[in-house]
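Fold and geometry: a report
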Amino acid sequence: MSAHNEETPELIEAVQFIEAAPTVLEAGAEAAGQRLDQWLASALGPDMSRSRVQMLIRQGAVSIDGKPVDETKRKMSAGERVSVVRPEPEPAEPQGEAIALDVLYEDDELIVINKPAGLVVHPGAGNWTGTLVNALIHHCGDSLSGIGGVRRPGIVHRLDKETSGVMVVAKTDRAHKALSEAFADHGRTGDLERAYLALVWGIPSRPTGTVDAPLGRAADRVRRAVVPEGRDDARHAVTHFTVKERFGENQQPFAAASLVECRLETGRTHQIRVHMAHIGHPVIGDPDYGQAFRTKANRLPEPLKTQVKAFSRQALHAWLLAFRHPATHLPMRFEAPIPGDMEELVGGFRKL
């Protein structure tokens, strides 16, 4: 989350895509007034579901009369030419790789790890090897009964590549189903608990607070942003925060900062990072949502100024994860200390 890719995913398939030649369709008179996704799903035939069509639209794979469109609800007009680029899947089953893991707990049903910053969770475009999934396949070996009949780990939640901290991964179908339901519910009716520590610019006006703001795709279609509630891609997102420490609040020449604990009521992609930036306190080192605050480092004394400029990732760590075991139903709680690089950065701010 995610703060992490904080979004609870469906079962991950390692699929590589090769771009195919576009399919061009012309809207007849019957298309007038229909939603784009509805008309396109019907026009492309039974092998293309409406949800898949919606995904292609949001990914920028659909154009009308030569202009890309990203609104699934857009109304069609007769005579419009619609171009669709449909990726052709090429199976790429991940292979095990001997990558060191910090294992906090493991049994026949699941494994809990302390993910280091820099480790991608699952294979995808540009990262087909060297991921957590590759490491888990190698580490678990024959103890991995697999998900859906395939020997692979079940990813039920994610952390961004540069976010460190506690993750749980299912090793069986039973564990995957139970954990997926718990994460989808975000602990509202169960025992799921997740907490993150973020080093952010500035000091929030209140010691505790809640950010309730829907998230959707940003203009570049890669990042996320707070969007109007009624927008087609808007997703409900709520983050609760508590200020744990304040740094430099009485030293006007310097840039102030805070160590904040964030707890998720929902789990959306980049949720903590976007929400904290939205209230004017982006995570220090965040290359996507904290760019406007990078010059604040110039107001810091040495050696902290150099230290902040050299910190190349978001200062975000998933320190706590608690859940009920899918087989024994016993409560489990895991904590991971702040990694060394982030601890050093916090220590530098404590000297202000």
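From a predicted model like this one, the values you see are computed outputs, not experimental measurements. (Residues numbered from 1 in each chain as written. Predicted model: local features only at pLDDT ≥ 70, side-chain atom pairs only at ≥ 80, totals over all residues. Heavy atoms only, no water.)

A few words on the overall build of the protein. Tallying secondary structure elements over the protein gives 7 helices and 18 strands in all. Expressed as a percentage of the 352 residues in the protein, the buried residues total 49%. When the accessible surface of the protein is split by element, carbon and sulfur atoms take 50% of a total near 16,300 Å². (Helix = DSSP H or I, 4+ residues; strand = E, 2+ residues; numbered from the N terminus. Buried < 20%, exposed > 50% of the residue type's maximum accessible area, 1.4 Å probe, protein only. Areas by Shrake-Rupley, 256 points an atom, 1.4 Å probe, with all protein chains shown as cover.)

With that out of the way, let us pick up the sheet that holds strand 3 (residues 62-64). The sheet built from 4 strands is open, its strands ordered 2-5-3-4 with antiparallel pairing. The open sheet is flanked by strand 2 (23-26) and strand 4 (67-68), the only strands paired with a single partner. Two strands pair when backbone bridges link them, and strand 3 and strand 5 (residues 81-84) are joined in this way by 3 bridges, in the antiparallel orientation. By the bridge assignment for strand 5, Val-62 is matched with Val-84. Sitting on the sheet, helix 1 (residues 36-44) is in contact with strand 2, strand 3 and strand 5, with an inclination near 110° to strand 2. (Pairing = 2+ DSSP bridges. Contact = heavy atoms within 4.5 Å. Axes fitted to C-alpha atoms, helices over the stretch in contact; angles between N-to-C directions.)

Counting residues in each nonpolar core, the largest one holds 52 residues, and the members touching the most others are Leu-199, Phe-247, Ile-284, Leu-300, Val-308, Leu-345 and Phe-349. No other element matches the 7 residues that strand 11 (residues 193-201) contributes to this core. The contacts of Leu-345, once residues within four sequence positions are left out, are Leu-199, Ile-284, Leu-304, Gln-307, Val-308, Phe-311 and Ala-315. (Core = buried A, V, L, I, M, F, W, Y, C linked by side-chain atoms within 4.5 Å.)

This part is about the confidence of the model for the protein. Taken over all residues, the pLDDT of the protein has a mean of 87, while the share at 70 or more is 90%. In the predicted structure, residues 1-19 sits below a pLDDT of 50 and forms 95 contacts with residues beyond four places in sequence or in another chain. (pLDDT = per-residue confidence, 0-100.)

Time to look at the pattern of salt bridges. Counted by the stated rule, this structure contains 21 salt bridges. Across the pair Glu-26 and Arg-81 runs a salt bridge whose closest N-O atoms are separated by 3.8 Å. Of the two residues, Glu-26 sits in strand 2 while Arg-81 sits in strand 5, which places them 55 residues apart along the sequence. With a relative accessible area of 53%, Glu-26 lands in the exposed category. Two residues, Glu-245 and Arg-350, come together in a salt bridge whose shortest N-O distance is 2.6 Å. One end of the pair, Glu-245, is in strand 15 (residues 238-247); the other, Arg-350, is in helix 7 (residues 340-350), with 105 residues separating them in the sequence. Here the salt bridges share partners, and the residues they tie into one network are Glu-193, Glu-261, Arg-263, Arg-333 and Glu-335. (Salt bridge = Lys/Arg side-chain N within 4 Å of Asp/Glu carboxyl O.)

A few words on the layout of surface pockets. A volume near 200 Å³ is recorded for the second largest pocket. In terms of lining, the second largest pocket is formed by Arg-58, Asp-70, Glu-71, Thr-72, Lys-73, Arg-217, Ala-218, Ala-219, Arg-221, Arg-231, Asp-232 and Asp-233. Residue composition of the lining of the second largest pocket, grouped by class: 2 nonpolar, 1 polar and 9 charged. (1 Å grid on protein atoms, 1.4 Å probe; cavity = no way out; pocket = protein on both sides within 12 Å on 5 of 7 lines; lining within 4 Å. Points joined across faces, edges and corners; volume = space filled by probe spheres on them. Nonpolar A, V, L, I, M, F, W, Y, C, P; charged D, E, K, R; others polar.)

If you trace the backbone, Asp-286 turns up in the loop between helix 5 (271-278) and helix 6 (304-310). A polar side-chain atom of Asp-286 sits 3.1 Å from the main-chain amide nitrogen of Tyr-289. Those residues in contact with Asp-286, other than ones at most four positions away along the chain, are Arg-273, Gln-291, Arg-313 and Gln-314. (Polar contact = N/O pair within 3.5 Å; in protein donor to acceptor, adjacent residues only side chain to side chain.)

Next up on the list: the pairing of strand 16 (residues 257-264). The element strand 16 is largely enclosed, with a buried count of 7 among its 8 residues. With 7 bridges connecting them, strand 11 and strand 16 associate as antiparallel partners. What sits directly across from Tyr-196, in strand 16, is Cys-262. Of the strand pairs in this sheet, strand 15 and strand 16 are connected by 8 bridges, and their pairing is antiparallel. Directly across from Glu-245, in strand 16, lies its bridge partner Leu-259.

Turning next to the environment of Pro-214. Relative to the elements of secondary structure, Pro-214 occurs in the loop between strand 12 (208-212) and strand 13 (215-217). Exposure remark for Pro-214: the relative accessible area of 17% places this residue in the buried category. Taking the C-alpha atoms as reference points, Pro-214 and Asp-233, separated by 19 residues in sequence, lie 9.3 Å from one another. Those residues within four positions of Pro-214 in sequence are excluded, and the remaining contacts are Ala-225, Val-226, Val-227, Pro-228, Glu-229, Ala-234, Arg-235 and Ala-237.

Moving on: the environment of Phe-334. On the secondary structure map, Phe-334 appears in strand 18 (residues 331-335). Along the sequence, Phe-334 and Asn-114 sit 220 residues apart, while their C-alpha atoms lie 9.4 Å from each other. Contacts of Phe-334, omitting those with residues within four sequence positions, involve Leu-104, Tyr-105, Val-112, Val-166, Trp-319, Leu-320, Leu-321 and Phe-323.

Take helix 4 (residues 173-185) next. Residues spaced three or four apart along an α-helix face the same direction, because each turn holds 3.6 residues. Between its terminal C-alpha atoms helix 4 stretches 18 Å, which fits the 18 Å expected from 13 residues at 1.5 Å a residue. Residues of helix 4 that are buried include every one of Ala-175, His-176, Leu-179, Ser-180 and Phe-183, and no others. Buried residues of helix 4, viewed axially, fall in a sector of 125°; they line one side. Along helix 4, exposed side chains directed more than 90 degrees from the buried face belong to Arg-174 and Lys-177. Looking at the buried residues of helix 4, the elements they touch are strand 8 (110-115), strand 9 (154-155), strand 10 (164-170), strand 11 and strand 17 (316-324). One or two residues past the end of helix 4 sits His-186, with phi positive at roughly 55°. (Expected span 1.5 Å × (residues − 1). Arc of directions from axis to C-beta.)

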